[in-house]
Each structure stands twice: as C-alpha cells, then as structure tokens.
Amino acid sequence: MIALIMFLSLFEIAISQNQSYDPETTQVLQLLYQDEHVVIDNGIFQLTLSNPEGFVTGVQYNGIENVLAFTGHENDRGYWDLVWNFPGKKTKKTKGTLDRIEATKMEVITQNDEQIEISFSRTWNASSNVTVPVNIDKRFVVLRNSSGFYTYAIFERLQGWPAVEIDNIRLAIKLDKDKFDYMAISDERQRYMPLPDDRIPPRGKPLAYPEAVQLLDPIEPEFKGEVDDKYEYSMESKDIKVHGWISTNDSVGFWQITPSNEFRSAGPLKQFLGSHVGPTNLAIFHSTHYVGEDLIMKFEEGEAWKKVFGPIFIYLNSFPKEVDPLLLWHEAKNQTKIEEEKWPYNFTNSIDSPASDQRGHVSGRLLVRDRYIGSEDIPAYGSYVGLAAPGDVGSWQREYKGYQFWSKADEEGYFCINNVRSGRYNLFAFVPGFIGDYHNETVIDISPGSNICLEELVYEPPRDAPTLWEIGVPDRTAAEFYIPDPNPMFVNKLYVNSSDNKYRQYGLWERYSELYPDEDMVYDVDVDDYSKDWFYMQVTRFWSQTLNFSAIKIFNRGSLASGRCDQSLNVRPVNEQRLDAQVRVNDVSVDPPLFTTGQIGKDNTIARHGIHGLYWLYSVDVPASSLGLGCNSIYLTQPLAISPFQGLMYDYIRLEYPDSVNHIT
C-alpha cells in the first residue's frame, strides 16, 4: 500500500511538472519557409517538412535539436509509403513496388492563430507507368499549445483509371537510436531494446527468415543470446491505441496515438506491426500480414475509390530529470483518452473528414440462441458488434476498401456504435464462447445525424445436435492449448515469464518435432486435457532437413455410434500457411479423405508468432458406415510439407451426436 501511494504521488508530481502551457504566454503559431523545407513552430516543438515532397525531416523538442534518426538521407526519417503493382506484374522474387509517396505540390490549407494545416499532394499522371494510379494528399496539422502533430492522407482513384493492386499503406518514423532506448506498446509489453547495429553480422545472426536475428555480440551485453524479431511486437487492431519510445536519458517520450481504428483494414482482430527495433514507430493502415493474399487491395479497370487514412496524433512528452522517465508511458495513456474523447476531430480542414454532427449512431441488443445450452436466449456479453461494407458472413475480415466501426456489447448484450461515417453497411458480430459469425443482411443506411435503434437481434450459432465431446474454447485463438517453453537458446526475455504472450517466442514450431519425434500427436478425448496435451499448432515434423506431413489422431474410447446414425464434426482452424486440411475416420491412408479444405491460407502467422490468422469454419458429416462400435479415431492431416511454417492452429473442435445426422465442427 505504501509503495502504491508513493507511485501515485510520484506520478501526480510528474504530471503536474510535465509541460503545461498558458495560452497567454505561449508563442504565436508560426509557419516558416526555408530552403526546400517548411517549418511549423508553436513554441512547444518544431516540425520540419521537406517541400514539396512532404517528408518529416525534423522534430525539435525539449532541447533536442532533432529526435529523428541521423543516419542515411533526411528523407528516410519520416514518411508515408505504400507497396503496389499492376495486376500480373509481380514476380516471386518481389513483393511489389515500394513508393515513398513523394509529393509534387505543397499548399497551405489553414493558417490562423489556432492551427496550421499543410497539404503535400501528388496527382497521378496517366502517361506514367512507374507511379501508383492513385491521387494522394498527405496532410499535417499543428495546433496552438499542442505537444505534437496530426497527420492523415486522402487516397483517391478516378473512374477510367487502370487496374492496380496495393499490399501495404503506412506511416514510418525513425528515431535517434542513440537516444530512444526504451519501447512501450502496452502495460505488459515494454522493455529496453537492442540497437539496430546489433542485428548486423557478425553481431547478429539471421535465423530461419531475415526478420528474426539472434544477437551474438550486441553492444549492450544484457541482450546477448536474445532473438530480435519485429513480428514479436505485433498487436491486434483493437488494442493499438498508443505505442512508442522513451529516451530515458532525456526523459522524453515519442508516441503514436490512434483515437479510432475505423480506417484500418479487416476489422478489430487484424494484426499489425507497430514499434520495433530501429527505433522505429509505425502506423500501419493496410497490410496483408497475418491474412495473406486475400487482403491485397485489388481495384478493377475503371474502378473509382476514395478513403481517408487517419488522422493519427504524434505526441511528445517529457518529465523533469528527477522523475522516473518510464512514467511517460502512463502520461501518454492519459493523452490517448483525451484524444479518444475528441474523436472525430473537428479541426481538420477536409470535407472527407466529417465531424461528429456529420456522422450517425447505431444501437441495439444482441442475444444468442442455442437450444442445446438452454431454453432462453443468452445476452451476447463481450461480443464484438460492427458495421462494415455489405457482404457475406464474416466478409469483414477480408474487407479493406471502406471503413469499419466496432463496439463491444455489455453484460446484457447491449451495444452502441458511435460516430459512423455516412454510407451503407451490414451489421456483423462474433461472440466469445460460440462458433461462427452473426450477419444481418439488412442494409443499414447511415446519413449525417442519423440515430438508428435496432430491435433485439438473435444469433443462432451453427449447431445440429448436442455435444458429444469438444476440444478447446471457441474464442478465435489457439491460446488455450499447450504452448511449450522456447528453446533457451532462442528467447525474447520480455516473454519468458509472460503466460499471455508465451506464443510470441521464436522457434516454437520446432518444439513439436522434439515432443513427437516418431509420430504425430494422439489425443484421447476421454482422458486428455487440451491445455496440456494438445500442441497449439499443427506443423510438420522435421528431422535431418526432411519434412513429414502431420496427422493428428483424435482417439475416442467409447462408442461413437451404432450402425444407423451419422456424426457431425465441426472443425475451426484459425491460422495457416498455404495448406490442405483433411479429415479421415479410422483409416489415415484412405483416399480420397472424408473431407478436405483444398489449398487455403498463406498468412505466415506461425513464422510471425501469432496465435490466430483468418477465421475459417468447416462442418463435416461423418457417415455411420465409417464408424464402429467401441473405439474410433479421427485423423486431422495436413499433407503439404514444403516449409516448416506450413501448418495451422485450431480454435475449437466439437463432435455432435444428432438423432439422424452427426456433425464435426
């Protein structure tokens, strides 16, 4: 208790001593023109931008001349970029064309005593075949008395333009590596970080792929032996609100605050990169990571499109030297709450960024009806309910051209989705503890000021009969299964004692071969515990560079069926590299299998230390003729074995036993 009081008191002192600015004494907001640069100065910090390209070349703050990196060209410090190509032009050796979005025109949009907004734009030239056929307008906004700047970008395609594909859209900011040494992305995930120099041979040794490097001789000995991999620090979209870096010697923090994720692709569970070794701070608005080619932005010939990415807030804070600099994280979280309360921002000068009074609201209540659990409907407590472009069941996780708006239902199943942009939407939801997706096909038309109250909605999850047995929990992750300790030679110390992030360690796919050197896992549904006996991913076993296909055997000691009933199996994989998941009953060699998914996936979630990828749901009819009295076995096989990362994770497996048809989910 004494320690807690001391911490709170120290934090309050730090907050009170953090830079606060009296409107009567602060300097006038200024816009200065220099050779090939423009500078915005509000007396708290200076923002320097290249003119007309629109690169962030300098941020002066709290006595530091420039918090950004000094290595390389100044245009490599802060920039918007994207990866694109014309359809059919990509080769196996390239991921597309990297475009730093070098603007050709600078324009002052707003300049007054309260704010300055500058545009850096580039208009597509139809005679060009080396630039993406999209008009791009990058905006930067600085407010009086604000310790940071806002940035957003407007992307627009006009009718008649050629087809194009876009893989990645982001904002990257690189900080001074000699100053910013501590990274924080959540309360539990923060640490002192190695230097980028430590990754370069001979100090570092690349592992199974270039992003993963073992630190053999780091400049700071405390990092020796650790594995550094940017994907170990990825996060789900719903959790990316604030992340950044601290210069502990200067007591200065540099943070990216995202008050809304409406402009990110693929919904609340899509995983994105954020901060990582560099020190680098990323705002990823669209990427194919953890999904694969299903999330490549594809525009047809002549297709028009417009979307605003952002605004996000780049926030700087500082404390006196006598205050623990790590408390800057808590102050940044406080600022995040302030930014969320201000959303949607009313100061951006663009008709494409509507204020609150130009948006709508949708509310309602979601219930779950499962007649095999209870006779009454159940409030969908903890469910995620969202609006996304009209589509099919679960289409939101592959949707990228529009905006998405999500809310979490309370304990009674009530939800309220606020500040929805004008447009046409379907309502989607998923409920922890129940398989499948809710989808309301009714088109909801949002207009400025609309307030739509829906009647009670009822979700009936897929179900044919009572559960005979089940493995796992239907929560869209494999986190409840057995996750092994990492090889002590390849650890990230941040996750050594972190049960919630244990799966983020490097090389866990290799542990499967060590646990099952001779044959694949056999799981007895009558006696085994999935938290101890079900390896959380189904990967290939490999020894002496030879990969072997995997075949999990689910063993049931009791009688599955008499000769007159069929079974129903529900299988829910959550992650895969390119694979073919197959189901067989009592004979692992029978061909063709009882069920096959065909080739799906390629999201690289295993290599990228994820616990889920795309959500897939399959229902398999098991005919009575394939079952026998007494012991029966179900084989889940994955025959493709070209890479150690070809595998999948299961969310949940359930065997149902109806009177006439039995089902596996």
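Anything mentioned here points back to the structure above.
A brief look at the structure comes next. (Residues numbered from 1 in each chain as written. Predicted model: local features only at pLDDT ≥ 70, side-chain atom pairs only at ≥ 80, totals over all residues. Heavy atoms only, no water.)

Moving on: the nonpolar core. Among the nonpolar cores identified, the biggest contains 167 residues, and F155, L366, W534 and Y536 are the most heavily contacted of them. Counting residues per element, this core draws most heavily on strand β23 (residues 305-318), at 8 residues. With residues near it in sequence (within four places) discarded, W534 still touches I471, F481, Y482, M521, Y523, D529, I552, I554, L636, Y650 and I653. (Core = buried A, V, L, I, M, F, W, Y, C linked by side-chain atoms within 4.5 Å. Buried < 20%, exposed > 50% of the residue type's maximum accessible area, 1.4 Å probe, protein only. Helix = DSSP H or I, 4+ residues; strand = E, 2+ residues; numbered from the N terminus. Contact = heavy atoms within 4.5 Å.)

The residue F120 is located in strand β8 (residues 115-122) in this model. A relative accessible area of 1% means that F120 is categorised as buried. Along the backbone, F120 and E53 are 67 residues apart, and their C-alpha atoms lie at a distance of 6.7 Å.

On to helix α2 (residues 328-342). Helix length check: α2, at 15 residues, gives a terminal C-alpha distance of 21 Å against a target of 21 Å (1.5 Å per residue), a fit within 8%. Listing the buried residues of α2 in full gives L328, W329, E331, A332, Q335, T336 and E339. Viewed end-on, α2 has its buried residues packed into an arc of 155°, placing them on one side of the element. Seen from the buried face of α2, the exposed residues on the opposite side, beyond 90 degrees, are K337 and E341. (Expected span 1.5 Å × (residues − 1). Arc of directions from axis to C-beta.)

Spatially, the 3 strands line up as an open sheet ordered β14-β15-β16, and their pairing is antiparallel. In this open sheet, the two strands that pair with only one neighbour each are β14 (204-206) and β16 (227-228). (Pairing = 2+ DSSP bridges.)

A few words now on the pattern of salt bridges. A full pass over the atoms with the stated rule returns 34 salt bridges. With a closest N to O distance of 3.7 Å, D217 and R203 form a salt bridge. Linking D217 in the loop between β15 (213-215) and β16 with R203 in the loop between β13 (190-192) and β14, this pair joins segments that are 14 residues apart in sequence. Note on D217: relative accessible area 46%, which makes it partly exposed. When its relative accessible area of 30% is taken as the criterion, R203 is described as partly exposed. Overlapping salt bridges, with partners in common, bring together D370, R463, R654 and E656 in one network. (Salt bridge = Lys/Arg side-chain N within 4 Å of Asp/Glu carboxyl O.)

So, about the packing of aromatic side chains. Across all of its chains, the model carries 44 aromatic pairs by this definition. Measuring from centroid to centroid gives 4.7 Å for F299 and W305, while their planes differ by 45°, and the two rings are tilted. W305 carries the same exposure label as F299, and that label is buried. Seen from their ring centres, Y438 and Y459 are 6.1 Å apart, and the 80° between their planes marks the pair as edge-to-face. Of this pair, Y438 sits in strand β30 (residues 438-446) while Y459 sits in strand β32 (residues 457-459); the two residues are 21 residues apart in sequence, bridging distant segments of the chain. The same class applies to Y438 and to Y459, which are both buried. A cation over a ring is seen here: R264 above F272, with NZ or CZ 5.8 Å from the ring centre. Cation over ring: R398 sits above W616, and NZ or CZ is 5.0 Å from the ring centre. (Phe/Tyr/Trp six-rings, centres within 6.5 Å; stacked < 30°, edge-to-face > 60°. Lys NZ or Arg CZ within 6 Å of the ring centre and 35° of its normal.)

So, about the pairing of strand β10 (residues 148-157). Along β10, 9 of the 10 residues are buried, which leaves the element largely enclosed by surrounding structure. Sheet topology places strand β9 (residues 135-143) next to β10; 7 bridges connect them, and they run antiparallel. Bridging across to β10, V141 finds its partner in Y150. Between β9 and β10, which follow one another and run antiparallel, lie 4 residues, and N145 among them has a positive phi close to 65°. Judged from the 9 bridges that link them, β10 and β23 form a sheet pairing that is antiparallel.

For the rest of this paragraph, the subject is the sheet that holds β30. Sheet architecture is open: 4 strands sit in the order β27-β26-β29-β30, paired in antiparallel fashion. Among the strands making up the open sheet, the edge pair consists of β27 (405-408) and β30. Between one strand axis and the next, the sheet turns by 20° as a mean value, whatever way the strands run. (Axes fitted to C-alpha atoms, helices over the stretch in contact; angles between N-to-C directions.)

A few words on the side chain of K307. Mapping K307 onto the fold places it in strand β23. Among buried charged residues, K307 stands out as having no salt bridge; its nearest opposite-charge side chain is E399, 5.8 Å away. Only 3.3 Å separates the side chain of K307 from the backbone oxygen of F263, close enough to count as a polar contact. With residues near it in sequence (within four places) discarded, K307 still touches A153, I154, F155, F263, Y400, K401, G402 and Y403. (Lys, Arg positive; Asp, Glu negative; His and termini not counted. Polar contact = N/O pair within 3.5 Å; in protein donor to acceptor, adjacent residues only side chain to side chain.)

The next point concerns the side chain of E656. Following the sequence through the fold, E656 ends up in strand β43 (residues 648-656). Classification of E656 by relative accessible area gives buried; the value is 0%. Side-chain polar atoms of E656 contact the backbone nitrogen of A465, separated by 3.4 Å. Among the polar contacts listed, one links the side chain of E656 to the side chain of R654, at a separation of 2.7 Å.

Next up on the list: the environment of L195. Looking at the element boundaries, L195 is found in the loop between β13 and β14. Linking L195 and P218, residues 23 residues apart in sequence, is a C-alpha distance of 7.9 Å.

Attention now goes to unusual backbone geometry. Omega for the bond connecting G278 with P279 falls within 30 degrees of zero, at -10°, which places this linkage in the cis form. Take P279: it is sitting in the loop between β20 (271-272) and β21 (280-286). Put simply, W343 and P344 share a cis peptide bond, and its omega is -5°. Relative to the elements of secondary structure, P344 occurs in the loop between α2 and β24 (360-368). Unlike most non-glycine residues, S251 shows phi in positive territory, near 55°. Note on placement: S251 falls in the loop between β18 (242-247) and β19 (252-257). Look at S251 and you get buried, because its relative accessible area is 1%. A positive phi angle is found at H609, which is not glycine, with a value near 60°. Of note, H609 is situated in the loop between β40 (595-596) and β41 (618-622).

Counting buried positions along β18 gives 6 out of 6 residues, so the element sits mostly inside the fold. Sheet topology places strand β12 (residues 182-184) next to β18; 3 bridges connect them, and they run antiparallel. When the sheet's bridge partners are listed, M183 is paired in β18 with W245. Taken together, the 6 bridges between β18 and β19 define a ladder with antiparallel strand orientation. Along β19, the bridge assignment pairs H243 with Q256.

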